[in-house]
Amino acid sequence: MKIQTDCGLGDYYKGKMEAFTFRELKTDPQHFFQILPKDWQDEIVPFWDIYKTDSKIYIIEDSNSLIGGGIVFYKSPPHFEYFATEAETWFNNGYLYLGFIWISEQHRNKSLGSFWLNQLKSKNPKQQYFLLTEEEQLHHFYLKNGFVCHQSLQNEDHREWLYHTKSV
């Protein structure tokens, strides 16, 4: 799916929009995993064979390289044991989990995270999503992209925030 030039991604990308593609990565997940931070790779790569049938990777590319992406999980992702009961409720209510959302550092602050979320939501406008983040500074980002902060959770030695998309 090619980006339209009127997607509202800001002045930086005017005239460059047609160079970006959003698509499902159906082969070679390592292509996506290699752009993730090392600690994120350690969380997903060893478990990918277990999760690959219950998840999809969606990426953003330009003509030269993979810029970012994320994973849509149809069941709880790795290391979710502490949240398994609550996650099951979300899945049972038709929500899918968004994880490992990443935009390469040289492309940040250019609305590509918003683009990724909007393209994903446009693929199935009635689908609802939830996610957890440890990064409090992403609060505004998720709110402006149609998420609601549902609750704050204390997990071992850190705090996480649970967001979900607004009901349609």
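In what follows, the structure referred to is the one given above.
All figures in this text were calculated on a predicted structure; none of them were measured in a lab. Numbering of residues starts from 1 in each chain and follows the order in which that chain's sequence is written. With pLDDT at 70 or above as the cut-off, local features in this predicted model cover only qualifying residues; side-chain atom pairs require 80 or more to be listed or tallied, and sums for whole chains, interfaces and linings still use all residues. Calculated side-chain values reflect all of the structure's heavy atoms, with hydrogen atoms and water omitted.

Here's the deal with a negative patch on the surface
Formally: Grouping into patches uses exposed residues only, defined as over 30% relative accessible area, and leaves out salt-bridged ones; the cut-off is 9 Å for like charges and 5 Å for nonpolar side chains (Val, Leu, Ile, Met, Phe, Trp, Tyr). Each accessible area value is a Shrake-Rupley result obtained with a 1.4 Å probe; residue values ignore everything except the protein chains displayed when judging cover. By convention in these notes, a salt bridge is any Lys or Arg side-chain nitrogen within 4 Å of a carboxyl oxygen on Asp or Glu. Counting rule applied: Lys, Arg positive; Asp, Glu negative; His and chain ends not counted. Lysine's charge is taken at NZ, arginine's at CZ, aspartate's at CG and glutamate's at CD. Under the DSSP-based scheme used, a helix requires at least four consecutive residues in state H or I and a strand at least two consecutive residues in state E, with every element numbered from the N terminus.
Negative charge collects at one region of the surface, where Asp39, Glu43, Glu134, Glu135, Glu156 and Asp157 lie side by side. Assignment of secondary structure puts Glu43 in helix α2 (residues 38-44).

Digging into the sheet that holds strand β6 (residues 147-155)
For clarity, the cut-off: When DSSP locates at least two bridges between a pair of strands, those strands are taken to pair. Under this scheme, a helix contributes an axis fitted over its contacting stretch, all axes are lines through C-alpha atoms, and angles between N-to-C directions fall in the 0 to 180 degree range. Whether two residues are in contact is decided by their heavy atoms: any pair within 4.5 Å suffices.
Taken in spatial order, the seven strands line up as β1-β2-β3-β4-β5-β7-β6 in an open sheet, and their pairing is mixed. Strands with a single pairing partner mark the edges of an open sheet, and in this sheet they are β1 (21-25) and β6. Strand-to-strand, the axes of this sheet are offset by a mean angle of 25 degrees, without reference to chain direction. Note that β1 and strand β2 (residues 55-61) share five bridges and pair antiparallel. When the bridges of β2 are listed, Phe22 appears paired with Ile60. Where helix α4 (residues 84-92) meets the sheet, it contacts β3 (66-73), β4 (95-103), β5 (128-133), β6 and β7 (158-165), and its direction lies at approximately 110 degrees from that of β4.

A closer look at the pairing of β5
How we decide: Burial classes: relative accessible area under 20% of the type maximum marks a residue as buried, over 50% as exposed, and values in between as partly exposed (1.4 Å probe, protein chains only). Crossovers are described as right-handed under a simple rule: with the strands pointing away from the observer, the path leading from the first strand over the helix to the second runs clockwise.
In terms of burial, β5 is a largely internal element, six of the six residues being buried. Along β5, one buried face is formed by Gln128, Phe130 and Leu132 and the opposite face, lined by Tyr129, Leu131 and Thr133, is buried too. Pairing of β4 with β5 involves three bridges; the strand directions are parallel. Residue pairing in the sheet places Leu96 in a bridge with Tyr129 of β5. For the crossover that starts at β4, traverses helix α5 (residues 112-123) and ends in the parallel β5, the hand is right-handed. Note: β5 against β7, four bridges, orientation antiparallel. By the bridge assignment, Leu132 is partnered in β7 with Leu162.

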